[in-house]
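Structural characterization, general
If you want the building blocks of each chain, they are given just below.
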Amino acid sequence: MAGTGRAGNVTRREALVGAGAAGASLMLPGGSAWAQGAAKPAEIKVGIATYLSGPASVFGVPGRQTAELLFDEINAAGGIAGVKVRPIFVDEGPGVDHVVGEYRRLVQSEGVHLIFAAISSADCIACAPLADELKRPTLLWDCGTQRIFEDNRYNYAFRTQANATPEILAALLYLLKVKPDFKSIAVINQDYAWGRDSWDIFRTAMNTLKPGVKVSAELFPRFGATDFSTEITRVLALRPDVVLSTSWGGDLDALIRQASDRKLFERSTFVMPLAESSLQRVGKALPAGHIVGARGDHWFLHPSPADPERLKRFNESYRAKHNAWPIYPCFHMAQAVSAMKVGIEKAVAAKGGGWPTDAELAAAFKGLEFPSPTASVRIREDGQGLENQLIGTTLHSDKYPFPVLTDMIVFPAESVTTPVGQKSADWLKTLTPDMVGKLPQAQAFKS
Amino acid sequence: MAWLSENGILVGLALLDGLSYAAAVFMVAVGLNLVFGVLRVLNVAHGSLYAIGGYAAASIGLFAASLGAPPWLGLPILLAAAVLVGVVLGPLIERLLLRRMQDREPVLQLLVTFALFMILEDLQKLVWGVQPVVFDAPLKWLGTVDVPFGQDAIPFTAYQLYVLPGVALATLAILAYVLRYTLTGRMVVAVTVDREAARAMGIDAAKVTMLTFTVGAGLAALGGALAAPTVSLVPGVGASTIVLSFAVVATAGLGQIEGAAVAALLIGLGRSFAVYVAPEFEVVVPYAIMVAVLLFRPQGLFGVAETRRI
């Protein structure tokens with residue numbers, strides 16, 4: 001057969017054209033059907049990075065469960081613009097290098113159309129540049145670091161929730177409102193980027209709005225620590241007016257239980273901007289009268305949701321399946337799913353019903369406004385989501401076997417978010433104490 | 001004078017914290033060291049046995065509580081759960097896995113126990129899910145003790161103040177007695193020192209190995225069970241424990257029982273003083289102690305290759 005110019009039933013010319021096309025496809029980052037503006041895909045594949053192992057899985061798994069629930073709902077309703085969606089989960093547990101490898105695999109081998117990444121700020125910092133490099137629309141669905149869009153600009157990465165600055169600043173403003181005369185504070189934060197950065201934000205804003213507060217202790221136990229007895233003894237001895245902890249997951253659960261056993265809650269007011277996600281797990285070990293946040297305006301008993309029916313539906317379908325009320329990673333996942341749906345529909349509509357390229361889809365996320373279970377979120381021109389913040393005080397009610405929130409303040413997103421083009425570290429220094437007097441009215445708990 | 005008095009009290013508080021922490025770490029590290037002494041295997045899956053011991057204790061305790069069991073019953077339940085885990089998993093792992101790895105390269109043994117650790121981690125998630133599990137009835141039942149602090153008082157849990165150090169001390173005493181003064185203990189020591197010679201003298205080395213591994217597994221499970229009332233059991237709890245246990249074992253010297261107690265105490269006190277004096281070094285202090293010891297004594301504080309290891 002030598003010299004016939006055929007390999008099997010393929011001519012040499014066909015083979016060359018095929019090889020060229022394959023090469024071109026490989027050259028195209030990711031090379032999905034959408035990248036070539038091809039016909040409607042058979043399914044929309046979504047790569048989702050979340051914690052499926054390690055201590056953070058107490059948090060990542062509810063996110064995955066929410067994605068499964070909402071993807072099923074979308075598919076039952078006929079998909080997005082008539083196309084079914086399929087999640088492909090990858091584990092953040094093994095670390096940043098693993099997630100980066102998985103990101104590339106999802107794009108280059110699985111041919112995913114979108115990526116949701118990630119819970120860890122370190123993973124988001126690594127994935128955002130990859131989004132631009134591989135030209136794959138990426139929704140940063142849960143990570144908190146404010147540095148992503150303050151230090152860089154991306155065309156393919158968008159955050160579908162707030163960032164650390166509004167989340168921490170809202171908690172400080174609430175503290176200044178309800179306990180304005182506090183004179184000393186101690187911090188017990190996890191020893192990694194979030195624990196350190198969130199304390200920097202809190203301290204910077206506190207030094208601006210209420211200078212002269214004494215920092216009694218700065219304690220940073222290991223991420224994933226299970227024993228906080230030494231830190232608790234230290235804080236008990238120092239008797240600060242306020243204890244701040246931006247910890248979360250199993251670490252926060254253990255800290256709350258151990259602090260409760262050692263009566264620390266009786267001596268100091270705790271401020272815990274992420275503790276909404278622990279309320280159901282720690283139950284009434286967390287006493288009344290302490291300040292809790294939800295990294296956004298998420299709470300299953302939100303006092304004034306934009307669409308009460310939507311929130312009720314979300315709460316009940318999650319509870320029916322998992323025998324728990326949704327916690328904030330569930331809400332963050334719901335936001336990413338909502339952004340994906342509204343974004344694709346917007347891009348398809350802009351194309352007059354045709355299918356968008358990756359670049360066209362990415363462009364659709366800029367300035368996108370999409371509904372969340374409690375309000376709506378708008379993605380600014382820099383890629384950062386604008387999301388309201390809910391902070392409240394714990395209350396023990398007979399209706400629930402865990403603390404609920406009362407005296408809730410829902411901070412409008414714009415009032416606590418660093419403006420486009422500015423860095424939080426600088427912006428926080430420009431705040432003025434009159435901010436506290438302009439806070440919205442607190443709302444009491446209603447079952 | 002007032003400064004001295006206040007700081008003296010602070011040192012006292014740090015000692016109490018350090019003692020309780022050391023006790024918890026010792027329970028796990030001593031089992032790891034015992035197993036290494038006889039099997040010559042650094043068992044990474046020891047961390048999983050710790051976690052499973054904790055989960056089992058919490059599950060049994062919560063089940064008993066749901067049936068209306070009195071809170072004091074929680075304490076014997078912790079012990080029973082540890083024995084159960086040790087007796088069920090110990091022989092199973094030793095017989096099916098470690099015995100087959102007996103004469104293989106140490107690095108292969110390490111990899112195999114690491115693989116087992118990963119499998120058991122997934123098994124935990126399958127059985128107990130990812131939600132934190134807590135069983136704190138015994139801790140609440142024992143209540144708190146106010147330790148004087150100048151004009152003030154610092155509440156400690158009685159569990160932390162008495163039960164953890166008490167059980168650790170009792171474990172150390174029982175192990176030391178059994179190994180020195182009982183026939184079984186002497187057989188364990190004989191196998192540790194020279195397996196072949198022990199066999200030649202008629203000792204059933206395989207039986208001794210299985211017994212030792214079962215006890216080691218039980219000690220890991222007891223560490224987890226004792227921790228259950230104070231911590232939230234979550235996926236990954238075994239990984240952090242095994243890393244710290246390695247630090248204790250390396251500091252003590254491989255195969256050293258009393259050495260493990262001293263090393264745990266050193267690391268526990270070092271950590272609590274770090275929290276008091278220079279909290280930014282809290283995480284590194286245990287490993288800094290280990291490195292400092294290994295720099296001057298590569299065999300660990302008590303490790304002497306020529307003499308018996310237990």
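What you see is a predicted model; the values in this text were computed from it and never measured.

Helices and strands together make up the secondary structure of chain A, namely 16 helices and 17 strands. Referenced to the eigenvectors of the C-alpha coordinate spread, the extents of chain A come out at roughly 90 × 40 × 40 Å. Counting all 447 residues of chain A, 60% fall into the buried class. Once the 48 positive and 46 negative side-chain charges of chain A are each reduced to a mean point, those two points are 1 Å apart.

Before going further, it helps to examine the sheet that holds strand 13 (residues 369-371) of chain A. All names here are of chain A. The sheet built from 3 strands is open, its strands ordered 13-14-15 with antiparallel pairing. Each having just a single partner strand, strand 13 and strand 15 (385-386) make up the two edges of the open sheet. Relative to strand 14 (residues 376-379), strand 13 runs antiparallel, the two being bridged by 3 bridges. For P371, the partnering residue across the bridge sits in strand 14 and is S376.

Residues and elements named next belong to chain B. When the UniProt feature table is mapped onto this chain numbering, "transmembrane region" (unreviewed entry) sits at residues 20-42, 49-67, 73-93, 105-120, 159-179, 208-227 and 284-305. Within residues 20-42, the helical portion is 87% and the strand portion 0%, while the C-alpha atoms at the span's ends are 25 Å from each other. The annotated region residues 73-93 carries 95% helix and 0% strand content, and the separation between its end C-alpha atoms amounts to 30 Å.

In this section: unusual backbone geometry. Residue and element names in this part refer to chain A. Following A117, the chain continues into A118 via a peptide bond in cis, with omega recorded as 10°. Examined against the element boundaries, A118 turns out to sit in the loop between strand 5 (114-116) and helix 4 (121-134). Although it is not a glycine, K135 sits at a positive phi angle of roughly 50°. Relative to the assigned elements, K135 resides in the loop between helix 4 and strand 6 (138-140). Judged by its relative accessible area of 42%, K135 is partly exposed. Its identity as a non-glycine residue notwithstanding, N323 has a phi of 55°, on the positive side. In this fold, N323 is placed in the loop between helix 11 (308-322) and helix 12 (328-350).

We now examine the interface of chain B and chain A. Reports of interface size often rely on the accessible area that becomes lost once the parts have come together. Each partner contributes to the interface: chain B provides 36 residues, whereas chain A provides 35 residues. Summed over both sides, the interface of chain B with chain A buries roughly 3000 Å², with 54% coming from carbon and sulfur. Here R271(B) and E231(A) are joined by a salt bridge, their closest N and O atoms 3.7 Å apart. Linking chain B to chain A there are 12 residue pairs in polar contact (both at pLDDT 80 or more). Listing elements by their share of the side of chain B that touches chain A, those giving two or more residues are helix 1 (2-39), helix 5 (137-142), strand 1 (144-149), strand 2 (152-157), helix 10 (237-252) and helix 11 (257-277) of chain B. Among the elements that make up the side of chain B that touches chain A, the one with the highest residue count is strand 2 of chain B (6 residues). A per-class count over the side of chain B that touches chain A returns 20 nonpolar, 9 polar and 7 charged.

A few words on the packing of aromatic side chains. A complete count under the given rule lists 17 aromatic pairs over all chains for this structure. Aromatic pair Y192(A) and F223(A): ring centres 4.6 Å apart, planes at 50°, arrangement tilted. Separated by 31 residues along the polypeptide, Y192(A) in the loop between strand 8 (184-188) and helix 7 (193-209) and F223(A) in the loop between strand 9 (214-219) and helix 8 (229-238) bring together distant segments of the chain. Of the residues examined, F223(A) reaches a relative accessible area of 29% and is grouped as partly exposed. In this structure an aromatic cluster arises from ring pairing among F59(A), Y192(A), F223(A), W248(A) and Y328(A). Stacked on the ring of F156(B), the Lys or Arg R262(A) has its end atom at 4.3 Å from the ring centre. Residue placement shows R295(A) over the ring face of W194(A); its charged tip is 5.6 Å from the ring centre.

All names here are of chain B. Where helix 6 (residues 158-181) contacts helix 7 (residues 183-193), the axes come no closer than 5 Å and their chain directions differ by 80°. With respect to each other, helix 6 and helix 7 are oriented roughly perpendicular. Facing V178, L179, R180 and Y181 of helix 6, the residues of helix 7 in contact are L183, G185, R186, V188 and V189. Residues that form the contact of helix 6 with helix 7 fall into these classes: 6 nonpolar, 1 polar and 2 charged.

Quick look at a nonpolar patch on the surface now. Residues and elements named next belong to chain B. Together, I60, L79, V83, L84, V87 and V88 line one region of the surface with nonpolar side chains, adding up to about 510 Å² of accessible area. Mapped onto the secondary structure, V83 falls in helix 3 (residues 74-98). With a relative accessible area of 49%, V83 lands in the partly exposed category.

On to the state of the cysteines. Residues and elements named next belong to chain A. Summed over all chains, the structure comprises 1 disulfide over all chains. Covalent S-S linkage joins C124 and C143, the inter-sulfur distance amounting to 2.1 Å. Its S-S torsion of approximately -95° makes the covalent link between C124 and C143 left-handed. Separated by 19 residues along the polypeptide, C124 in helix 4 and C143 in the loop between strand 6 and helix 5 (147-151) bring together distant segments of the chain. Looking at C127, it has no disulfide partner, and the nearest cysteine sulfur is the one in C124, 6.7 Å off.

So, about the UniProt feature "domain: Leucine-binding protein" (unreviewed entry) in chain A. In this numbering, the UniProt entry assigns the feature "domain: Leucine-binding protein" (unreviewed entry) to residues 43-385 of chain A. Taken end to end, residues 43-385 of chain A comprises 46% helix and 16% strand; its first and last C-alpha atoms sit 27 Å apart.

The next thing to look at is the domain arrangement of chain A. Residues and elements named next belong to chain A. When its domains are assigned, chain A resolves into domain 1 (44-162 + 307-383) and domain 2 (165-294 + 388-438). Between domain 1 and domain 2, the C-alpha centre-to-centre distance is 27 Å. Facing 22 residues of domain 1, the contacting portion of domain 2 comprises 30 residues. At the boundary of domain 1 with domain 2, total buried surface from both sides reaches about 2000 Å², with 56% on carbon and sulfur atoms. The closest approach of N and O atoms between D197 and R147, which form a salt bridge, is 3.0 Å. For the pair domain 1 and domain 2, the interface holds 6 residue pairs in polar contact (both at pLDDT 80 or more). The leading source of residues in the side of domain 1 that touches domain 2 is helix 5, at 3 residues. Classifying every residue of the side of domain 1 that touches domain 2 by side-chain character gives 11 nonpolar, 3 polar and 8 charged.

All names here are of chain A. Of all hydrophobic cores here, the largest spans 109 residues; its most connected members are F116, L169 and M340. Per-element accounting of this core gives the leading share, 12 residues, to helix 12. Contacts of M340, omitting those with residues within four sequence positions, involve V46, F71, I74, I80, V85, L114, F116, L139 and F365.

All right, on to the packing of helix 2 (residues 57-76) of chain A against helix 11 of chain A then. All names here are of chain A. Where helix 2 meets helix 11, the axes come as close as 11 Å, and the angle between the chain directions of the two elements is 115°. As summarised for this structure, helix 2 and helix 11 are arranged roughly perpendicular, according to the angle between their axes. Judged by the sense of rotation from one axis to the other, the crossing of helix 2 with helix 11 is right-handed. Across from P62, Q65, T66, L69, L70, D72 and E73 in helix 2, the residues of helix 11 making contact are F314, S317, Y318, K321 and H322. Tallied by class, residues from the contact of helix 2 with helix 11 come to 5 nonpolar, 4 polar and 3 charged.

Definitions and limits used
Residues numbered from 1 in each chain as written. Chains lettered and ligands numbered in written order. Predicted model: local features only at pLDDT ≥ 70, side-chain atom pairs only at ≥ 80, totals over all residues. Heavy atoms only, no water. Helix = DSSP H or I, 4+ residues; strand = E, 2+ residues; numbered from the N terminus. Buried < 20%, exposed > 50% of the residue type's maximum accessible area, 1.4 Å probe, protein only. Lys, Arg positive; Asp, Glu negative; His and termini not counted. Charge placed at Lys NZ, Arg CZ, Asp CG, Glu CD. Pairing = 2+ DSSP bridges. UniProt positions renumbered as here; feature names shortened; annotations may be inferred. Contact = heavy atoms within 4.5 Å. Buried area = accessible area lost by both parts, 1.4 Å probe. Salt bridge = Lys/Arg side-chain N within 4 Å of Asp/Glu carboxyl O. Polar contact = N/O pair within 3.5 Å; in protein donor to acceptor, adjacent residues only side chain to side chain. Nonpolar A, V, L, I, M, F, W, Y, C, P; charged D, E, K, R; others polar. Phe/Tyr/Trp six-rings, centres within 6.5 Å; stacked < 30°, edge-to-face > 60°. Lys NZ or Arg CZ within 6 Å of the ring centre and 35° of its normal. Axes fitted to C-alpha atoms, helices over the stretch in contact; angles between N-to-C directions. Parallel < 35°, antiparallel > 145°, perpendicular 65-115°, else oblique. Patch = residues over 30% accessible without salt bridge, like charges linked within 9 Å, V, L, I, M, F, W, Y side chains within 5 Å. Areas by Shrake-Rupley, 256 points an atom, 1.4 Å probe, with all protein chains shown as cover. Disulfide = S-S within 2.5 Å. Domains from an automatic or database assignment. Core = buried A, V, L, I, M, F, W, Y, C linked by side-chain atoms within 4.5 Å. Left-handed = near helix turned anticlockwise from the far one by under 90°.

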